[in-house]
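# Descriptive analysis of the structure
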Amino acid sequence: MSQWIGTANQTYAPYAMEELRRLIEGVAFTQLAAGEVFLMSCPLEREETLQAIRQQEPIFLRHLQPVDRTIEITGNANDLEQLSDMVRNAVMTFENKRVAVHIRRTPKSGFVYSAADTKAVLDAVLEELDAEPVVQQPDVIIAIYAAVDQIYVGFGAPSEMLSDWPGGAVRFQREEGQVSRAKFKLLEAEREFGLNYAEYRNAIDIGAAPGGWTSLLLERGLRVTAIDPAELHPSLMAYPTLTYLKRNASEVKFEAGTFDLLVCDMSWSPMMMCKLVLDLEPALTQGGTAIITVKLMHRKPLQTIRDVISRLSTEFRLQKAKQLFHNREEITLYLIKK
Ligand SMILES: C[S@@+](CC[C@H](N)C(=O)[O-])C[C@H]1O[C@@H](n2cnc3c(N)ncnc32)[C@H](O)[C@@H]1O
């Protein structure tokens with residue numbers, strides 16, 4: 001038996017739960033924040049649960065935290081004392097380790113302390129225990145979720161929580177002159193899929209305007225062919241490594257094996273996207289990478305995703321499908337050309 005808190009992007013928790021139900025027989029759920037956060041009771045032990053999830057990571061499960069302890073909220077200083085004692089009692093887990101404290105809450109939680117105050121108190125306790133409180137690259141995370149009348153606490157490595165950000169909410173710094181917020185999607189994909197765009201040489205960006213993705217790839221030193229009937233941001237025109245084809249993607253053609261990276265963020269009907277990508281796929285080298293967003297247009301996202309993956313599987317091997325924190329009504333696919 002083990003207990004977990006699962007988190008998905010807003011309104012997508014039902015799909016995360018559906019995927020978990022298919023993965024692990026006998027799981028049961030209680031909603032903690034509508035459409036987003038849920039408590040999962042699992043008949044498997046912690047390690048077995050993690051193994052099952054790693055083998056086939058649910059697309060819509062953004063974050064997972066184990067529940068090692070539950071504290072009844074009193075609404076006064078006693079809550080902080082109980083949290084502190086709990087950390088002290090687990091001294092062996094934290095001694096000489098880099099430890100991050102992640103705190104989240106439901107809006108109606110009876111836990112009255114701010115995340116900053118709670119973290120300050122627990123960081124002081126960690127220092128007493130010869131642990132190093134950190135924000136980035138922790139060895140261990142203390143994940144705290146304050147629900148309405150209970151606090152759920154779990155300790156674990158970042159890899160056990162699917163993310164090293166609180167609740168999997170990846171935050172990137174907005175830059176001066178950034179062309180579009182869409183850039184964050186491609187940045188997050190790089191982290192999530194363990195890629196390094198600088199290792200590629202020649203990219204094709206299908207549906208590139210206004211140019212957030214193209215700008216990131218240009219900054220990483222790639223040659224980029226950007227295709228879009230809409231305008232690219234004028235700041236990109238300064239790059240001699242940019243080729244801009246102001247056209248519909250269905251009107252262009254390239255020599256076989258021209259590109260080693262294909263990215264596509266067309267926010268269009270999934271099946272039309274598949275057709276365009278498959279038409280342009282010969283331009284990608286064998287073993288080349290594709291990063292593609294799939295718009296979830298109607299009520300059955302899991303079915304849409306299955307159909308898209310099946311359609312693309314004639315030419316591509318799926319590496320991972322994931323709804324990223326920066327994906328709205330869509331998910332992102334990471335594929336390798338066969
Ligand atoms: C969500 S935006 C892309 C944002 C971009 N990734 C960024 O970072 O700025 C979708 C783009 O796809 C383009 N698009 C839609 N259908 C297309 C097609 N058939 N051929 C080329 N571009 C297309 C649209 O014009 C639109 O600019």
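Basis of the calculations
- Residue positions are counted from 1 within each chain, in the order its sequence is given.
- This being a predicted model, a pLDDT of at least 70 is required before a residue's local features are given, and a value of 80 or more before pairs of side-chain atoms are given or counted; all residues contribute to the totals for chains, interfaces and linings.
- Only hydrogens and water are set aside when side-chain values are computed; all heavy atoms of the structure are taken into account.
- Take the buried residues of types Ala, Val, Leu, Ile, Met, Phe, Trp, Tyr and Cys, join any two whose side-chain atoms come within 4.5 Å, and each joined set is a nonpolar core.
- Here the term buried applies to any residue with accessible area under 20% of the maximum for its type, exposed to any over 50%, and partly exposed to those in between, with areas from a 1.4 Å probe on protein chains only.
- Under the scheme used here, helices are H or I runs from DSSP no shorter than 4 residues and strands are E runs no shorter than 2 residues, and both carry numbers assigned from the N terminus.
- A contact between two residues is defined here by any heavy atoms of the two lying within 4.5 Å.
- In this scheme, strands are said to pair when DSSP sees at least two bridges between them.
- To get an axis, fit a line to the C-alpha atoms, keeping to the stretch in contact for a helix; angles then go from 0 to 180 degrees between the N-to-C directions.
- Salt bridge, as applied in this entry: a Lys or Arg side-chain nitrogen positioned within 4 Å of an Asp or Glu carboxyl oxygen.
- We define proximity as follows: a residue is near a molecule or strand when any one of its heavy atoms falls within 4 Å of that partner.
- Under this definition, polar contacts are N or O atom pairs within 3.5 Å; protein pairs additionally need one hydrogen-donor-capable and one acceptor-capable atom, and for neighbouring residues in sequence, both atoms have to be side-chain atoms.
- To measure how exposed things are, a 1.4 Å probe is used in the Shrake-Rupley method; for residues, cover is taken only from the protein chains shown.

So, on to the nonpolar core. Ranked by size, the top nonpolar core spans 51 residues in total, and within it F60, L262, M273, I292, L312 and I331 carry the most contacts. No other element matches the 6 residues that helix α8 (residues 270-280) contributes to this core. I331 has contacts with I59, F60, I292, T293, V294, L296, I305, A321, K322 and Q323, leaving out every residue within four places of it along the chain. By size, the runner-up hydrophobic cluster in this structure holds 27 residues, among which are A203, L242, L261 and L324.

Turning our attention to the sheet that holds strand β1 (residues 2-7). Taken in spatial order, the 4 strands make up an open sheet running β2-β3-β1-β4, and their pairing is antiparallel. Single-partner strands in this sheet number two, and they are β2 (28-33) and β4 (63-66). Strand after strand, the sheet turns through a mean of 25° between neighbouring axes, direction not considered. One ladder, built from 5 bridges, connects β2 with strand β3 (residues 37-42); its direction is antiparallel. By the bridge assignment, A28 is partnered in β3 with S41. This element, helix α1 (residues 13-23), spans β2 and β3 of the sheet and lies at about 15° to β3. This element, helix α2 (residues 46-55), spans β1, β3 and β4 of the sheet and lies at about 35° to β1.

One side chain can pair with another of opposite charge once the charged atoms of both are near each other. Tallied over the entire structure, the rule returns 20 salt bridges. Its salt-bridge partner being K119, residue D123 comes within 3.0 Å of it at the nearest N-O pair. Here D123 and its partner K119 are both found in helix α5 (residues 115-128), 4 residues apart, which amounts to about one turn of the helix. Overall, K119 belongs to the partly exposed group, its relative accessible area being 22%. Three or more residues are tied together by salt bridges with common partners; here these are E57, E192, K320 and K322.

Take the site of the ligand next. Neighbouring the ligand are 21 residues; G212, W213, D228, A249 and D265 lie closest to it. Between an oxygen atom of the ligand and a side-chain N or O atom of S180, the distance comes to 2.9 Å. The separation between an oxygen atom of the ligand and a polar main-chain atom of G211 is 3.0 Å. Relative to its unbound accessible surface of 600 Å², the ligand loses 83% to contact with the protein.

Let us now look at the pairing of strand β16 (residues 330-337). The element β16 is extensively covered by neighbouring structure, given that 8 of its 8 residues are classed as buried. Of the two faces of β16, the one lined by E330, T332, Y334 and I336 and the one lined by I331, L333, L335 and K337 are each fully buried. Of the strand pairs in this sheet, strand β15 (residues 316-322) and β16 are connected by 6 bridges, and their pairing is antiparallel. The residue of β16 that forms the bridge with A321 is L333.

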